[in-house]
Amino acid sequence: MKVLVTGSEGFLGRHVCRALKARGHAVVGLDSAPGAEIMADITKVLPIMDLDAIVHLAAVASPNVCTANPELAFSVNVLGTQQVLRLALESGVKKLVFASSAHVYGVGPKYLPTDEYHPLFLQNTYTTTKILGEQLCQLFYDNHGLSYAVLRLFNVYGPGQGPGYFIPDMLAKAKTGEIILKGGETTKDWVYVDDVARAFCLALETPYVGVMNIGTGLQTPLSEVSRLIAVNTDAILRLVSSNDATRMQADYTRARLVLRWRPTVTIEEGLNAVCSDAKARSLVA
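Residues numbered from 1 in each chain as written. Predicted model: local features only at pLDDT ≥ 70, side-chain atom pairs only at ≥ 80, totals over all residues. Heavy atoms only, no water.

(A) Spotlight on the nonpolar core. Of all hydrophobic cores here, the largest spans 34 residues; its most connected members are Leu20, Val55, Leu151, Leu153, Phe200, Ile214 and Trp261. Of all the secondary-structure elements, those providing two or more residues to this core are strand E1 (2–6), helix H1 (11–22), strand E4 (53–56), strand E5 (95–101), strand E6 (148–153), helix H6 (193–204), strand E11 (210–214) and helix H8 (253–259). By residue number, the principal contributor to this core is H6, which donates nine residues. Residue contacts for leucine 151: discarding those within four places in its chain leaves Val97, Phe98, Ala99, Ser100, Ser101, Ala199, Phe200, Ala203, Met212 and Ile214. In this structure, Ala40, Leu46, Tyr126 and Val211 belong to the second largest nonpolar core, which totals 30 residues. (Core = buried A, V, L, I, M, F, W, Y, C linked by side-chain atoms within 4.5 Å. Buried < 20%, exposed > 50% of the residue type's maximum accessible area, 1.4 Å probe, protein only. Helix = DSSP H or I, 4+ residues; strand = E, 2+ residues; numbered from the N terminus. Contact = heavy atoms within 4.5 Å.)

Have a look at this one:
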């Protein structure tokens, strides 16, 4: 299968491209960053290609950046998704997989574990653009028969993740020898990037149309993640209590039944790999 991956030079994109190639797919990377096989702006009309499938990852993925620059967020995340869907239709693509976010349920959701029937919440610019991207996928399916799957990702982490996300930011603090954390009571559902990449591969291979959660079904407090990082880096951890803790926990039953997918990497194993990679690249002592 010939697969176009948008956002191929990003954190998740690099892992997805590697996983697809390992399964024998021919992968074409598209990104606005140098290094991509095709350098292109997805907000512009994209050239028709000979393709079987598309994994659409390209996005303004930081909620803070989306809030600070809503024009950019809507341009890339909404108009860009429409352009990629048009490319899929014109290129005769049989399946498109779209990367969405568990943030569409709100932070935190009305109930835990959270399944795909949970109401969506226009919490901020980022979640609004992701919900609109999902709806565009549904629109192209209803009007043109373009098969799609939406993966609502919980807290993806792994080696090579850039700054601005919790674990890389804790690693940066660990390099100073001390991690000071406020709000460690908050929980997230941390899912390792290799498990997520495998979910994208499986979603391309199923006829299923619709949304699926990708998470572990476990809550891990920020304090525990920070503790494991501190242990791995010999940093001192200092916790400061907060009264505004939120919780996240996936119900991934649908992905288990449809994709035969389940997470395989524990938080301890994943953070060991992240810390080892950071040490190898001198990001921590």
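(B) Quick peek at the sheet that holds E6. If you trace the seven strands from one edge of the open sheet to the other, you get E3-E2-E1-E4-E5-E6-E11, paired in parallel fashion. The two strands at the open ends of the sheet, each matched to only one other strand, are strand E3 (38–39) and E11. Here E1 pairs with E4 via four bridges, running parallel. Its bridge partner being in E4, threonine 6 is matched across the sheet by histidine 56. (Pairing = 2+ DSSP bridges.)

(C) Looking closely at the environment of leucine 30. With respect to the helices, strands and loops of the structure, leucine 30 is situated in strand E2 (residues 26–31). According to the relative accessible area criterion, leucine 30 is buried, its value standing at 1%. Beyond its immediate chain neighbours, meaning those up to four positions away, leucine 30 contacts Leu4, Val5, Thr6, Gly7, Ser8, Ala36, Ile38, Ala40, Ile42, Leu46 and Met49.

(D) Inspection of unusual backbone geometry at higher detail. Of note, the amide linkage connecting valine 107 to glycine 108 takes the cis form, showing an omega dihedral of 0 degrees. Counting through the fold element by element, glycine 108 comes out in the loop between E5 and helix H4 (125–144). Backbone torsion omega between leucine 112 and proline 113 reads -15 degrees, so that peptide bond is classified as cis. Along the chain, proline 113 falls in the loop between E5 and H4. The phi angle at aspartate 234 is positive, at roughly 60 degrees, despite the residue not being glycine. Residue aspartate 234 is classed as exposed on the basis of its relative accessible area of 74%. Backbone geometry at arginine 260 places phi at a positive 55 degrees, although glycine is not the residue there.

(E) Geometry of the layout of surface pockets. Estimated volume of the second largest pocket: approximately 210 Å³. Forming the boundary of the second largest pocket are 17 residues, of which Gln161, Pro168, Leu171, Arg281 and Leu283 lie nearest the centre. Put simply, the parts of the chain that give the lining of the second largest pocket at least two residues each are helix H5 (166–175) and helix H9 (267–280). Sort the elements by how many residues they give to the lining of the second largest pocket and H5 lands first, with five residues. Taken together, the residues of the lining of the second largest pocket sort by class into 10 nonpolar, four polar and three charged. (1 Å grid on protein atoms, 1.4 Å probe; cavity = no way out; pocket = protein on both sides within 12 Å on 5 of 7 lines; lining within 4 Å. Points joined across faces, edges and corners; volume = space filled by probe spheres on them. Nonpolar A, V, L, I, M, F, W, Y, C, P; charged D, E, K, R; others polar.)

(F) Main features of the packing of aromatic side chains. Taken as a whole and judged by the stated rule, the model has five aromatic pairs. Seen from their ring centres, tyrosine 141 and tyrosine 148 are 6.1 Å apart, and the 70 degrees between their planes marks the pair as edge-to-face. Under the relative-accessibility criterion, tyrosine 141 is labelled partly exposed at 34%. Among the residues examined, tyrosine 148 registers a relative accessible area of 5% and is labelled buried. Joined through ring pairs, the aromatic side chains of Tyr157, Phe166, Trp190 and Tyr192 make up one cluster. The ring centre of tyrosine 117 lies 5.3 Å from the NZ or CZ of arginine 254, which sits over that ring. (Phe/Tyr/Trp six-rings, centres within 6.5 Å; stacked < 30°, edge-to-face > 60°. Lys NZ or Arg CZ within 6 Å of the ring centre and 35° of its normal.)

(G) Molecular detail of the side chain of histidine 25. Assignment of secondary structure puts histidine 25 in the loop between H1 and E2. With residues up to four places along the chain from it excluded, the contact list for histidine 25 reads Met1, Val3, Leu20 and Glu205.

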